[in-house]
Each structure stands twice: as C-alpha cells, then as structure tokens.
Amino acid sequence: MRQEISIPTKDGAMRAFAFTPDAGEGPWPGVIFYMDAPAIRPALFDMGERLAAHGYVVVMPDLYWRAGPYEPIDMATIRNDEARREAFGRLRASTNPQAQMVDTEGALAWLDQEPRAKADKVGLTGYCMGGGIALRAAAAFPDRIAAAASFHGGNLATDEPDSPHRQADQIKARVLVAGADEDRSFPPEQKVRLEAALQAAGVEAEVVIYPGARHGYAPADMAAYDAEASERHWRELFDLFDATLKG
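This structure is a prediction, so every number in the text was calculated from the model and none was measured.

Scoring rules and cut-offs
- Every chain is numbered independently, its residues counted from 1 as its sequence is written.
- Thresholds applied to this predicted model are a pLDDT of at least 70 for local features of residues and 80 or more for the giving and counting of side-chain atom pairs; totals over whole chains, interfaces and linings are not thresholded and use all residues.
- Hydrogens and waters are ignored; side-chain quantities use all the structure's heavy atoms.
- What makes a salt bridge here is a side-chain nitrogen of Lys or Arg within 4 Å of a carboxyl oxygen of Asp or Glu, nothing more.
- Put simply, DSSP H or I for four residues or longer makes a helix, DSSP E for two residues or longer makes a strand, and each gets a number counted from the N terminus.
- Following DSSP output, two strands are said to pair if at least two bridges run between them.
- Here an axis means a line fitted to C-alpha atoms, over the contact stretch when the element is a helix, while the angle between two N-to-C directions is reported on a 0 to 180 degree scale.
- Multiplying 1.5 Å by the helix residue count minus one yields the expected span of that helix.
- Burial status follows relative accessibility: with a 1.4 Å probe on protein chains alone, a residue under 20% of its type maximum counts as buried, one over 50% as exposed, and anything between as partly exposed.
- Throughout, a contact is declared for two residues whenever any of their heavy atoms are within 4.5 Å.
- Side-chain atoms alone can form a polar contact between residues adjacent in sequence; in general such a contact is a pair of N or O atoms within 3.5 Å, and within protein one must be able to donate a hydrogen while the other accepts it.
- Working definition of a nonpolar core: buried Ala, Val, Leu, Ile, Met, Phe, Trp, Tyr and Cys residues. They are joined through side-chain atoms within 4.5 Å.

## So, the pattern of salt bridges
All chains considered together, the criterion is met by 17 salt bridges. In this structure, the salt-bridge partner of D11 is R66, at a minimum N-O distance of 2.8 Å. Of this pair, D11 sits in the loop between strand 1 (2–9) and strand 2 (12–19) while R66 sits in the loop between strand 4 (57–61) and helix 2 (82–93), and the two are 55 residues apart along the sequence. Salt bridges linked by common partners bring E4, R15 and D62 together as one network.

Listed below in structure tokens is the structure:
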C-alpha cells in the first residue's frame, strides 16, 4: 500500500511516500529509499511497493520538495526539451548533501513514530545520486543504520572534500555498492578507492560492478534499464536487508 505523507523537518514540511505490505500486521523493519536524479515517478513507486511486499515499511523522501510541485521528468525526451532540461536543473539545484541529511533525519523520525515500523535498525537503498546519499547517511547516523546499499551510484570516491568515501570511518552499517560496467561516474579507479576506504575503516562491505550494465540499470523506465542487472539488484538487496534487519 502506498500513501503520500508530509514529514516535518528543520527546513519545513517534506513531501514523501510511505509503502507498507498489503498482508500481515507488522511491525516490519524500516527502510529509507533514496530516489535517483529523475525524481519521484511511477517507476519508483513500483520499486517501493516491491520492497514493501518483501516485508518492509518503506519511506521515500522527495528530495526535491524544496523546489515546490513539479511534473515528473521523462528522461527519454529531456535531451530534446529545453524547458524540461531547465526544470530539471532547478530541481537538482534544490538539494545538496546537507539538505539530504536533514531529510534523512526527518525520515528516521517518521519511522520512529510509525507503529507499523520497527526502526531500531534501519536499512537504506539509493539509486544514481541516491547511492551517494545512502553512504553519507550511513556515516551521519551510524547508530541507526544497519545496512546501506548503493546501485549505479556515481561520484562515490572522488577528489572532492565531501566525497562519500571520505566518511567511511564513520560507517557502522553493512554496505553493498553495485556499480555499472559502463558508467563514467563510477570508473574502476573510484571502485578501487572506495573499496580501500571501506576496508581501512573496517566496514563490512562488498563493492561490485555489474558486467554489461549501464548507469540507470535498475528502474524499469530508464533507457539503460537492464532486466538481468535489475533482478540481480533485487536479489542482493533482499539478501542484505533480510540478513541485517530481520534477524
């Protein structure tokens, strides 16, 4: 079941969506789902519902809520639509790592007060830009986050001072990072750097590259959607969450 909700944060009321299993009474483990750059849209609703059906209460923050209402971005046509490209730019500019941690704090607080959720150990999953957010959130809230997954995340181990890999020593969660074989935003040198940072920090982590997959392989509406890679992501995500959140 999906419902639109409003979550109080330090910056105002955040639009979000909650997903719960259709059967059973719970409570179920809590999960935060970080959207990819194309924003909230039906393909992500399908993913939230699939995750909930596996036995989780899922909260999906709209990370662009500060920009106000917007039409979902169609990545298949955006290159030929200047107005939509400008709108997309405004949405992307409305969030940043600091704002995303405010949003995460709000999502955790919502799970705390949700009677259907068990929020003592929370899981995170993120896609595209959400992959980096999941790693940052695991570092920012180490005592709350038991598992963090990043799928086709980009810029996870760069030279920038706020690169997620620089916060590895703050992470207590079990981590899964699944990059794409054809992804300029997460090249082999970043994989090596991220693995080294997580290993040096003593984080239980797996960093893998899905062969033949492109950036955006998981959501079904993306041009890069890869059914085999997407199904692998579901298997590995369920394995991670089942082991860390349902024990």
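So much for the structure itself; the text now carries on.
## Observations concerning the pairing of strand 1
Where strand 1 and strand 2 come together, 8 bridges link them in antiparallel fashion. Paired with Q3 across the strands is A18, a residue of strand 2. Remark: 2 residues form the turn of the hairpin made by strand 1 and strand 2, two consecutive strands paired antiparallel.

## With respect to the sheet that holds strand 1
Overall, mixed pairing links the 8 strands, which are arranged 1-2-4-3-5-6-7-8 in an open sheet. In the strand order of this sheet, the two ends are held by strand 1 and strand 8 (205–214), each with one partner. Ignoring which end each strand starts from, the neighbouring axes of this sheet average 25 degrees apart.

## Observations concerning helix 1 (residues 42–53)
In this model, helix 1 (12 residues) spans 16 Å end to end at C-alpha, consistent with the 16 Å of a helix rising 1.5 Å per residue. Those residues of helix 1 that sit buried are A43, L44, F45, M47, G48, L51 and A52. In this structure, the buried residues of helix 1 make contact with strand 1, strand 2, strand 3 (28–34), strand 4, strand 5 (117–127) and helix 6 (227–245). At the exit of helix 1 stands G55, carrying a positive phi of roughly 110 degrees.

## Some points on the environment of K246
Tracing the backbone shows K246 in the segment after helix 6. Considered as a pair, K246 and G55 are 191 residues apart in the sequence and their alpha carbons are 9.1 Å apart. Ignoring any residue separated from it by four or fewer positions in sequence, one finds K246 in contact with P29, H54, G55, Y56 and F241. At a separation of 2.7 Å, a polar atom in the side chain of K246 contacts the main-chain carbonyl oxygen of H54.

## Comments concerning the side chain of Q190
Of note, Q190 is situated in helix 5 (residues 188–200). Excluding residues that lie within four positions of it along the chain, Q190 makes contacts with N155, L156, A157, T158 and S185.

## Observations regarding helix 4 (residues 129–140)
Between its first and last C-alpha atoms helix 4 spans 17 Å; for 12 residues at 1.5 Å apiece the expected length is 16 Å, and the two agree. In terms of residue burial, helix 4 counts as a mostly covered element, since 11 of its 12 residues are buried. Every buried residue of helix 4 is accounted for by M129, G130, G131, G132, I133, A134, L135, R136, A137, A138 and A139. Where the residues of helix 4 are buried, they touch strand 3, helix 2, helix 3 (97–113), strand 5, strand 6 (145–151) and strand 7 (174–182).

## Quick notes on the nonpolar core
Of all hydrophobic cores here, the largest spans 86 residues; its most connected members are L51 and L124. With near-sequence residues (within four places) excluded, L124 lies in contact with I32, Y34, A134, A137, A138, I145, A147, A148, A149 and F241.

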